[in-house]
Amino acid sequence: ILQTHALAYPKPQDLGLPDCPSDEALLSGENLLHELGLIDIDNRLTPAGQAAATLPVSPRLGALLYFGTQADYLELSCMYAALISEASILLRGKKQLSELCPASTPETHSDLDILVALIKLARQHNFQPERCTKLGINANNCRAVMKAYEQFLRLCKKITLRDDCEDLHPHC
(Lines give C-alpha, C1' and ligand atoms only; values in the text may rest on other atoms or scores of the structure.)
Protein backbone atom coordinates (compact mmCIF):
# COMPACT_ATOMS: atom_id res chain seq x y z
CA ILE A 1 0.00 0.00 0.00
CA LEU A 2 2.93 2.32 0.74
CA GLN A 3 4.24 1.73 -2.77
CA THR A 4 0.90 2.55 -4.37
CA HIS A 5 0.92 5.86 -2.50
CA ALA A 6 4.48 6.52 -3.68
CA LEU A 7 3.39 5.84 -7.27
CA ALA A 8 0.50 8.31 -6.89
CA TYR A 9 -2.11 5.54 -6.81
CA PRO A 10 -3.49 5.91 -3.28
CA LYS A 11 -6.24 3.43 -4.20
CA PRO A 12 -4.78 0.10 -5.36
CA GLN A 13 -8.17 -0.69 -6.96
CA ASP A 14 -7.28 1.96 -9.60
CA LEU A 15 -4.36 -0.17 -10.79
CA GLY A 16 -6.64 -2.90 -12.14
CA LEU A 17 -4.71 -5.67 -10.40
CA PRO A 18 -6.13 -9.17 -10.90
CA ASP A 19 -5.99 -9.89 -7.16
CA CYS A 20 -6.51 -6.60 -5.39
CA PRO A 21 -6.73 -6.81 -1.58
CA SER A 22 -10.14 -6.53 0.03
CA ASP A 23 -11.41 -3.16 1.20
CA GLU A 24 -10.95 -4.33 4.79
CA ALA A 25 -7.31 -5.27 4.17
CA LEU A 26 -6.65 -1.95 2.44
CA LEU A 27 -8.19 -0.02 5.33
CA SER A 28 -6.08 -2.00 7.79
CA GLY A 29 -2.96 -1.21 5.77
CA GLU A 30 -3.82 2.49 5.58
CA ASN A 31 -4.37 2.56 9.35
CA LEU A 32 -0.97 0.97 9.91
CA LEU A 33 0.74 3.48 7.61
CA HIS A 34 -0.96 6.29 9.51
CA GLU A 35 0.10 4.85 12.90
CA LEU A 36 3.67 4.53 11.63
CA GLY A 37 3.64 8.19 10.56
CA LEU A 38 4.12 7.33 6.88
CA ILE A 39 0.87 8.91 5.68
CA ASP A 40 -1.00 11.89 7.07
CA ILE A 41 -4.66 12.23 7.99
CA ASP A 42 -5.48 12.96 4.33
CA ASN A 43 -3.69 9.75 3.26
CA ARG A 44 -0.81 11.65 1.66
CA LEU A 45 2.76 10.49 2.09
CA THR A 46 4.67 12.28 4.81
CA PRO A 47 8.41 12.93 4.40
CA ALA A 48 8.88 9.73 6.40
CA GLY A 49 6.61 7.85 4.00
CA GLN A 50 8.48 9.22 1.00
CA ALA A 51 11.79 8.04 2.46
CA ALA A 52 10.42 4.66 3.59
CA ALA A 53 8.98 4.03 0.13
CA THR A 54 12.49 4.20 -1.34
CA LEU A 55 13.82 1.53 1.01
CA PRO A 56 13.57 -2.16 0.02
CA VAL A 57 12.00 -3.09 3.36
CA SER A 58 8.56 -3.42 4.92
CA PRO A 59 6.81 -0.24 6.06
CA ARG A 60 7.50 -1.12 9.72
CA LEU A 61 11.24 -1.45 9.12
CA GLY A 62 11.16 1.62 6.88
CA ALA A 63 9.64 3.65 9.72
CA LEU A 64 12.17 2.29 12.20
CA LEU A 65 15.08 3.17 9.92
CA TYR A 66 13.75 6.61 8.95
CA PHE A 67 12.80 7.81 12.41
CA GLY A 68 15.90 6.26 13.96
CA THR A 69 18.07 8.13 11.47
CA GLN A 70 16.23 11.40 12.06
CA ALA A 71 16.52 11.02 15.84
CA ASP A 72 20.29 10.49 15.54
CA TYR A 73 20.12 6.78 16.32
CA LEU A 74 21.36 5.61 12.91
CA GLU A 75 23.52 2.73 14.10
CA LEU A 76 21.12 1.49 16.77
CA SER A 77 18.08 1.58 14.47
CA CYS A 78 20.04 -0.29 11.79
CA MET A 79 21.08 -2.94 14.32
CA TYR A 80 17.49 -3.30 15.56
CA ALA A 81 16.27 -3.65 11.95
CA ALA A 82 18.92 -6.30 11.27
CA LEU A 83 18.02 -8.27 14.40
CA ILE A 84 14.32 -8.11 13.53
CA SER A 85 14.73 -9.06 9.88
CA GLU A 86 17.23 -11.91 10.20
CA ALA A 87 17.00 -15.34 11.83
CA SER A 88 17.31 -15.41 15.60
CA ILE A 89 20.87 -15.38 16.93
CA LEU A 90 19.82 -17.48 19.93
CA LEU A 91 20.52 -21.21 19.96
CA ARG A 92 17.37 -23.30 20.27
CA GLY A 93 16.75 -25.08 23.51
CA LYS A 94 19.38 -23.11 25.36
CA LYS A 95 18.99 -20.59 28.12
CA GLN A 96 16.37 -17.87 28.28
CA LEU A 97 17.38 -14.49 26.90
CA SER A 98 17.51 -12.99 30.39
CA GLU A 99 20.02 -15.69 31.40
CA LEU A 100 22.24 -14.83 28.43
CA CYS A 101 22.30 -11.13 29.30
CA PRO A 102 25.89 -9.92 29.56
CA ALA A 103 26.79 -8.59 33.00
CA SER A 104 27.39 -5.13 31.54
CA THR A 105 23.79 -4.83 30.29
CA PRO A 106 21.41 -3.23 32.82
CA GLU A 107 18.25 -5.17 33.59
CA THR A 108 16.09 -2.29 32.39
CA HIS A 109 17.05 -2.78 28.74
CA SER A 110 14.77 -4.36 26.18
CA ASP A 111 15.25 -7.76 24.57
CA LEU A 112 16.70 -6.01 21.53
CA ASP A 113 19.29 -4.27 23.70
CA ILE A 114 20.32 -7.64 25.14
CA LEU A 115 20.63 -9.05 21.62
CA VAL A 116 22.77 -6.05 20.59
CA ALA A 117 25.07 -6.76 23.55
CA LEU A 118 25.31 -10.42 22.53
CA ILE A 119 26.16 -9.45 18.94
CA LYS A 120 28.95 -7.23 20.27
CA LEU A 121 30.31 -10.14 22.30
CA ALA A 122 30.19 -12.44 19.27
CA ARG A 123 32.02 -9.80 17.25
CA GLN A 124 34.71 -9.51 19.94
CA HIS A 125 35.22 -13.26 19.57
CA ASN A 126 35.37 -12.94 15.75
CA PHE A 127 32.18 -15.00 15.48
CA GLN A 128 34.06 -18.17 16.40
CA PRO A 129 31.42 -20.91 16.56
CA GLU A 130 32.71 -22.57 19.74
CA ARG A 131 32.89 -19.24 21.59
CA CYS A 132 29.44 -18.18 20.36
CA THR A 133 27.95 -21.53 21.35
CA LYS A 134 29.24 -21.01 24.89
CA LEU A 135 27.42 -17.66 24.86
CA GLY A 136 24.22 -19.42 23.71
CA ILE A 137 24.20 -17.79 20.28
CA ASN A 138 24.55 -18.96 16.68
CA ALA A 139 27.73 -17.62 15.03
CA ASN A 140 26.37 -17.89 11.47
CA ASN A 141 23.19 -16.01 12.35
CA CYS A 142 25.29 -13.34 14.07
CA ARG A 143 27.30 -12.92 10.86
CA ALA A 144 24.06 -12.63 8.85
CA VAL A 145 22.79 -9.96 11.25
CA MET A 146 26.03 -8.02 10.83
CA LYS A 147 25.74 -8.19 7.02
CA ALA A 148 22.16 -6.93 7.19
CA TYR A 149 23.28 -4.19 9.61
CA GLU A 150 25.92 -3.00 7.13
CA GLN A 151 23.35 -3.00 4.31
CA PHE A 152 20.91 -0.99 6.41
CA LEU A 153 23.68 1.48 7.28
CA ARG A 154 24.44 2.01 3.59
CA LEU A 155 20.74 2.55 2.85
CA CYS A 156 20.18 4.94 5.74
CA LYS A 157 23.16 7.10 4.89
CA LYS A 158 21.18 8.07 1.78
CA ILE A 159 18.23 9.32 3.85
CA THR A 160 18.11 13.10 3.93
CA LEU A 161 18.39 14.46 7.44
CA ARG A 162 15.79 17.11 8.08
CA ASP A 163 16.57 20.31 9.96
CA ASP A 164 13.10 20.53 11.43
CA CYS A 165 11.62 17.99 13.78
CA GLU A 166 8.06 18.40 12.58
CA ASP A 167 7.73 14.92 11.16
CA LEU A 168 9.41 12.99 13.96
CA HIS A 169 7.25 10.19 15.25
CA PRO A 170 5.88 10.85 18.76
CA HIS A 171 7.95 7.91 20.08
CA CYS A 172 11.24 9.53 19.00
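Scope of this entry: the structure provided in the associated data block. Because the structure is predicted, anything quoted here is derived from the model rather than measured.

Attention now moves to the environment of Arg-154. Considering the arrangement of structural elements, one finds Arg-154 in helix H9 (residues 139-156). Among the residues examined, Arg-154 registers a relative accessible area of 52% and is labelled exposed. With 76 residues separating them along the chain, Arg-154 and Cys-78 place their C-alpha atoms 9.6 Å apart.

Attention shifts here to unusual backbone geometry. Even without glycine at this site, Asn-43 takes up a positive phi of about 60 degrees. With respect to the secondary-structure elements, Asn-43 resides in the loop between helix H2 (23-35) and helix H3 (47-53). The exposure class assigned to Asn-43 is partly exposed, which follows from its relative accessible area of 35%. Even without a glycine there, the phi angle at Asp-72 is positive, about 70 degrees.

Let's shift gears to the packing of helix H4 (residues 59-70) against helix H5 (residues 74-85). Angle between the axes and distance between the axes: these two values describe a pair of packed helices. Running from N to C, H4 and H5 point in directions that differ by 165 degrees, and their axes come no closer than 7 Å. When the interaxial angle is binned, H4 and H5 end up roughly antiparallel. Like other packed secondary-structure pairs, H4 and H5 cross with a definite hand, here right-handed. Facing H4, whose interface residues are Leu-61, Leu-64, Leu-65, Gly-68 and Thr-69, H5 presents Leu-74, Ser-77, Cys-78, Tyr-80, Ala-81, Ile-84 and Ser-85. When its residues are assigned to classes, the contact of H4 with H5 shows 8 nonpolar, 4 polar and no charged.

Before going further, it helps to examine the packing of aromatic side chains. With the rule as written, the count across this model stands at 1 aromatic pair. Taken together, a centroid distance of 5.2 Å and an interplanar angle of 75 degrees make the contact between Tyr-66 and Phe-67 edge-to-face. Taken individually, Tyr-66 and Phe-67 each receive the classification buried, so the pair is uniform in this respect.

Moving on to H5. The end-to-end C-alpha distance of H5, which contains 12 residues, comes to 16 Å, matching closely the 16 Å that a straight helix rising 1.5 Å per residue would cover. Listed as buried for H5 are Ser-77, Cys-78, Met-79, Tyr-80, Ala-81, Ala-82 and Leu-83. On its buried side, H5 packs onto H4, helix H7 (111-124) and H9.

Now for H7. Here H7 spans 20 Å end to end across 14 residues, near enough to the 20 Å set by a 1.5 Å rise per residue. The set of residues buried in H7 consists of Ile-114, Leu-115, Val-116, Ala-117, Leu-118, Ile-119 and Ala-122. Directly after H7, the chain includes Asn-126, whose backbone phi takes a positive value near 55 degrees.

Here we take up the pattern of salt bridges. Counted according to the given criterion, the structure contains 2 salt bridges. A salt bridge links Asp-40 to Arg-44; its shortest N-O distance comes to 3.3 Å. With a relative accessible area of 21%, Asp-40 lands in the partly exposed category. Shared partners join several salt bridges into a network, and the residues in it are Asp-40, Asp-42 and Arg-44.

Calculation notes
- Residues numbered from 1 in each chain as written.
- Predicted model: local features only at pLDDT ≥ 70, side-chain atom pairs only at ≥ 80, totals over all residues.
- Heavy atoms only, no water.
- Helix = DSSP H or I, 4+ residues; strand = E, 2+ residues; numbered from the N terminus.
- Buried < 20%, exposed > 50% of the residue type's maximum accessible area, 1.4 Å probe, protein only.
- Axes fitted to C-alpha atoms, helices over the stretch in contact; angles between N-to-C directions.
- Parallel < 35°, antiparallel > 145°, perpendicular 65-115°, else oblique.
- Left-handed = near helix turned anticlockwise from the far one by under 90°.
- Contact = heavy atoms within 4.5 Å.
- Nonpolar A, V, L, I, M, F, W, Y, C, P; charged D, E, K, R; others polar.
- Phe/Tyr/Trp six-rings, centres within 6.5 Å; stacked < 30°, edge-to-face > 60°.
- Expected span 1.5 Å × (residues − 1).
- Salt bridge = Lys/Arg side-chain N within 4 Å of Asp/Glu carboxyl O.

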